[in-house]
Amino acid sequence: GESVGLHLPTLSVQEGDNSIINCAYSNSASDYFIWYKQESGKGPQFIIDIRSNMDKRQGQRVTVLLNKTVKHLSLQIAATQPGDSAVYFCAESGGNKLVFGAGTILRVKS
Amino acid sequence: SQTIHQWPATLVQPVGSPLSLECTVEGTSNPNLYWYRQAAGRGLQLLFYSVGIGQISSEVPQNLSASRPQDRQFILSSKKLLLSDSGFYLCAWSYSSETQYFGPGTRLLVL
């Protein structure tokens, strides 16, 4: 079946720097994408979403970029803080289900 | 606002024992409901989803089953647990194919 994969399993950034987490998806028919943040021992939390008719969407300190030509999704976190340390998952919508990527661990160094 | 509850939060069970995990959603009606399993340090594996009462779709053949006896209640069960059933079990709800919202999870350890 189709799957969503991540390029980097672990990302370490210095506090205050910007973080970029990447995701490659394989289903060109996907029209809705989501980023989740999962802190240790907790359920994933919604961060931001984007539909396929958009290239960019901004939230508070986060930006999601969608490149449909190369089937690539990225999450940018500005001025990364220690509280941003978590596992980040991308997901693509497939009917009544979401297909999740493997996840990227973000570690913020103080 | 909507809230999703899961219990118990943690569970230690012997191999061969039965299992029942419960998930309930408040503040919404006729949601889609999902059960996922997450192994330590890994991604999310969809186990079951339901679009209505009594409607269950199974994603992975396994030792588990799911039921939806009420609109906002989703139960994950097993008659005999295996060691490989250990993991973090997450329930989620959504409207149709939109964003899924996750519960706090149940950590299951089978010994």
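One can find the structure itself at the top, above this paragraph.
Quick look at the structure, then. Position numbers for residues start from 1 in each chain and track the written sequence from start to end. All chains are assigned letters beginning with A, and all ligands numbers beginning with 1, in the order in which they are written. Confidence filtering applies because this is a predicted model: local features only for residues at pLDDT of at least 70, side-chain atom pairs given and counted only at 80 or more, and all residues used for totals across whole chains, interfaces and linings. No hydrogens and no water enter the side-chain calculation; it runs on all heavy atoms of the structure.

Considerations on the interface of chain B and chain A
- Across the contact, 23 residues belong to chain B and 19 residues belong to chain A.
- When the buried area of chain B at its contact with chain A is split by residue, B:L44, B:S97 and B:T99 rank highest and sum to 28% of it.
- Salt bridges are defined by distance alone: a side-chain nitrogen of Lys or Arg within 4 Å of a carboxyl oxygen of Asp or Glu. Inspection of the region where chain B meets chain A yields 1 salt bridge.
- Between A:K97 and B:E59 there is a salt bridge, and its shortest N-O distance comes to 3.1 Å. By the convention used here, residues are in contact when the closest approach between their heavy atoms is within 4.5 Å. By buried area we mean how much accessible surface two parts lose on assembly, using a 1.4 Å probe and totalling the loss over both.

Focus on the pairing of strand β7 (residues 65–70) of chain B
All names here are of chain B.
- Bridge analysis of β7 against strand β8 (residues 73–78) gives 4 bridges, and the strand direction is antiparallel. Within β8, the position partnered with S65 by the bridge is S77.
- For two strands to count as paired, DSSP must find a minimum of two bridges between them. Where helices and strands are cited, they refer to DSSP runs of H or I of at least four residues and of E of at least two residues respectively, numbered from the N terminus. What sits between the antiparallel neighbours β7 and β8 is a turn of 2 residues.

Quick word on the side chain of A:T80
All names here are of chain A.
- Mapped onto the secondary structure, T80 falls in the loop between β8 (72–77) and β9 (86–94).
- For the purposes of these results, a polar contact is taken to be a pair of N or O atoms within 3.5 Å, where, inside protein, one atom must be able to donate a hydrogen and its partner to accept one; residues adjacent in sequence count only when each atom of the pair is a side-chain atom. A polar contact of 2.7 Å, which involves the side chain of T80, links it to the backbone oxygen of D17.
- Of note is the side chain of T80, whose polar atom sits 2.6 Å from the side chain of S19.
- Beyond its immediate stretch of four places on either side in the chain, T80 contacts V13, E15, G16, D17, N18, S19, R61, L106 and V108.

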